[in-house]
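If you want the building blocks of each chain, they are given just below.
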Amino acid sequence: MRRLLAALAAGTFLVAASACGSSDGGGASDKNASSGGTTTVKVGIIPIVDVAPVYLGQQKGFYAKRGLKLSMTTAQGGAAIVPGVVSGQFQFGFSNMTSLMIAQSNNVPVKAIANGVASTGVAGKDFGAITVKKGSAIKSAKDLEGKKVAVNTLKNINETAVRESVRKAGGDPSEVKFVELAFDQMPAALDSGQIDAAMVVEPALATVKSQGGTEIASSLVDVAQNLTVAMYFTSTQYAQKNPGVVKKFQEATAESLAYADAHPDEVRQIVTTYTKIPAAVLEKVTLPKWPAEANRASIEALEKLGAQDGLFKTEPDLDKLLP
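Residues numbered from 1 in each chain as written. Predicted model: local features only at pLDDT ≥ 70, side-chain atom pairs only at ≥ 80, totals over all residues. Heavy atoms only, no water.

## As for the overall build of the protein chain
The helix and strand inventory of the protein chain stands at 15 helices and 11 strands. Per-residue burial over the protein chain gives 57% buried out of 323 residues. Restricting to contacts in the protein chain with at least 6 residues of sequence separation, those with at least 24 account for 79%. Here the protein chain has roughly 13,100 Å² of accessible surface; of this, 50% comes from carbon and sulfur atoms. (Helix = DSSP H or I, 4+ residues; strand = E, 2+ residues; numbered from the N terminus. Buried < 20%, exposed > 50% of the residue type's maximum accessible area, 1.4 Å probe, protein only. Contact = heavy atoms within 4.5 Å. Areas by Shrake-Rupley, 256 points an atom, 1.4 Å probe, with all protein chains shown as cover.)

Here's what the structure looks like:
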C-alpha cells in the first residue's frame, strides 16, 4: 500500500499550508465534535477557482455553525491529495474524478462524499481549456500531434480530456508529448515557448488570455456534457469511525456550493485570498458550475475514456466510490 500511495503521488508534491485556519493536531473525531467544541479538520485542496466554495463557506460561517474549522493545505493535483487523505494527513480532500477512480481501482480506501465542481458544458465558455500562445500556428487539437502539452498531473483527468479533444478533432493522441506542470506555472511556460500548449483551468486560463493566448478546445466539455470534474472525499476508515463529522462536512459543503453558485462576485473576491491573480484578470475568469449532486453519467463517460487510456488496474466500482 505504501508503494502504491507513493506511485499515486509521483510527480506531485504538497506545498505550504495556507493561512486559512491552523492545524491543532487533534479535534478531527466524532468524540471531539460531540463534546460541543470546535473540530478542526485538515483539507487537502488545489489553489484553483474550483475550491472557492469551501473558502467562502469558511468565511460565511457555514462550517463553524456546525462545529467545524477547516485547515487548508494546497497540492499540485488530486493525485497528491489521495495519499494524504488515506494516510490520515488530511481528514478530507478535493480530487478530480480520475484520481479517485484510479485509487479505487487499486483498492485504495477512498470514498467520495460531496460534489466538488462541474464543467459549464459550453464549448468556448468553460473554466478549463487547451490554450496556445499568441500567434501560435496551432489552431486545433489535431495540431497537437508531435507537440509538447502541459497538464497538471500525468495519466490523469486533464491528460484524458486532451486526448479526447485530439481524437474528436481527427488526430492521434498517442503522438502528443505530455509534460507535467503546476497550473500556476503554465502561463509563463506557454508565453516563453517552453511548451506548445497547456490544459489550464481558472484562474490560470484568464492569465493565459491576458497574455494574448487563445483557446483551441474545451476539453472538459469534449469528455461529457456537464462533466463532474472533481469531488470532496475522505478515507473509508475515517468515514466509518467519524460519521458525524463527515455528515457535518457534507452539509456545510452543500450549503457552500449553493451559495457560491448564487454569488459569483463573492466567489471572485474569495479567489484573491488564496491565489495571486490580479484583480483586472480576475474579472475575466470563467466560473465553473457547483451543482448539489454529481452527474453519474458524465463520470461513467470519463471512466470509459480512462479505461481506454489504460489508467485503471481493474474497473472502478462507482457504487462503492460515489455517495
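Back to the write-up after that little detour.
## Digging into the side chain of Asn158
Position of Asn158 among the secondary structure elements: in helix 6 (residues 157-168). One polar contact links Asn158 to Asn152, side chain to side chain, over a distance of 3.0 Å. Filtering out sequence-adjacent residues up to four positions away, Asn158 remains in contact with Val151, Asn152, Phe183, Met199 and Leu220. (Polar contact = N/O pair within 3.5 Å; in protein donor to acceptor, adjacent residues only side chain to side chain.)

## Structural notes on the packing of aromatic side chains
For the structure shown, the criterion picks out 7 aromatic pairs. When the centroid spacing of 4.0 Å and the interplanar angle of 5° are considered together, the rings of Tyr55 and Tyr274 count as stacked. Here the residue Tyr55 occupies a position in helix 3 (residues 52-60), and Tyr274 occupies one in the loop between helix 12 (264-271) and helix 13 (279-282), the gap between them amounting to 219 residues. Take Tyr55 and Tyr274: they sit in the same class, and that class is buried. Site record: aromatic cluster; members linked through ring pairs are Tyr63, Phe92, Phe94, Tyr232, Tyr238 and Phe249. (Phe/Tyr/Trp six-rings, centres within 6.5 Å; stacked < 30°, edge-to-face > 60°.)

## Considering the pattern of salt bridges
Scanning the entire structure with this criterion turns up 10 salt bridges. Ionic pairing is found between Glu164 and Arg167, a salt bridge with its closest N-O pair at 3.0 Å. Of the two residues, Glu164 and Arg167 are both situated in helix 6; the distance of 3 residues between them amounts to about one turn of the helix. Residue classification places Arg167 among the partly exposed residues on the basis of a relative accessible area of 25%. Taking the shortest distance from any N to any O, the salt bridge between Arg167 and Asp309 comes out at 2.9 Å. Of this pair, Arg167 sits in helix 6 while Asp309 sits in the loop between helix 14 (296-308) and helix 15 (318-321), and the two are 142 residues apart along the sequence. (Salt bridge = Lys/Arg side-chain N within 4 Å of Asp/Glu carboxyl O.)

## So, the sheet that holds strand 9 (residues 197-201)
Pairing is mixed in the open sheet, where 5 strands are placed in the order 8-7-9-6-10. Looking at strand neighbours, the two that pair on one side only are strand 8 (177-180) and strand 10 (214-217), the edges of this open sheet. Between one strand axis and the next, the sheet turns through 35° on average, direction left out of account. Alignment of strand 7 (residues 148-151) against strand 9, held across 2 bridges, turns out to be parallel. What sits directly across from Ala150, in strand 9, is Ala198. In this fold helix 6 packs onto strand 6 (128-132), strand 7, strand 8, strand 9 and strand 10, with an angle of close to 140° to the strand it touches most, strand 7. (Pairing = 2+ DSSP bridges. Axes fitted to C-alpha atoms, helices over the stretch in contact; angles between N-to-C directions.)

## Details of the environment of Phe233
Here Phe233 is to be found in strand 11 (residues 228-235). For the pair Phe233 and Pro323, spaced 90 residues apart in sequence, the C-alpha separation works out to 9.6 Å.

## A look at the environment of Leu302
Inspection of the secondary structure assignment puts Leu302 in helix 14. A relative accessible area of 0% places Leu302 in the buried class. Beyond its immediate chain neighbours, meaning those up to four positions away, Leu302 contacts Met97, Thr98, Met101, Ile157, Thr160, Val223 and Leu227.

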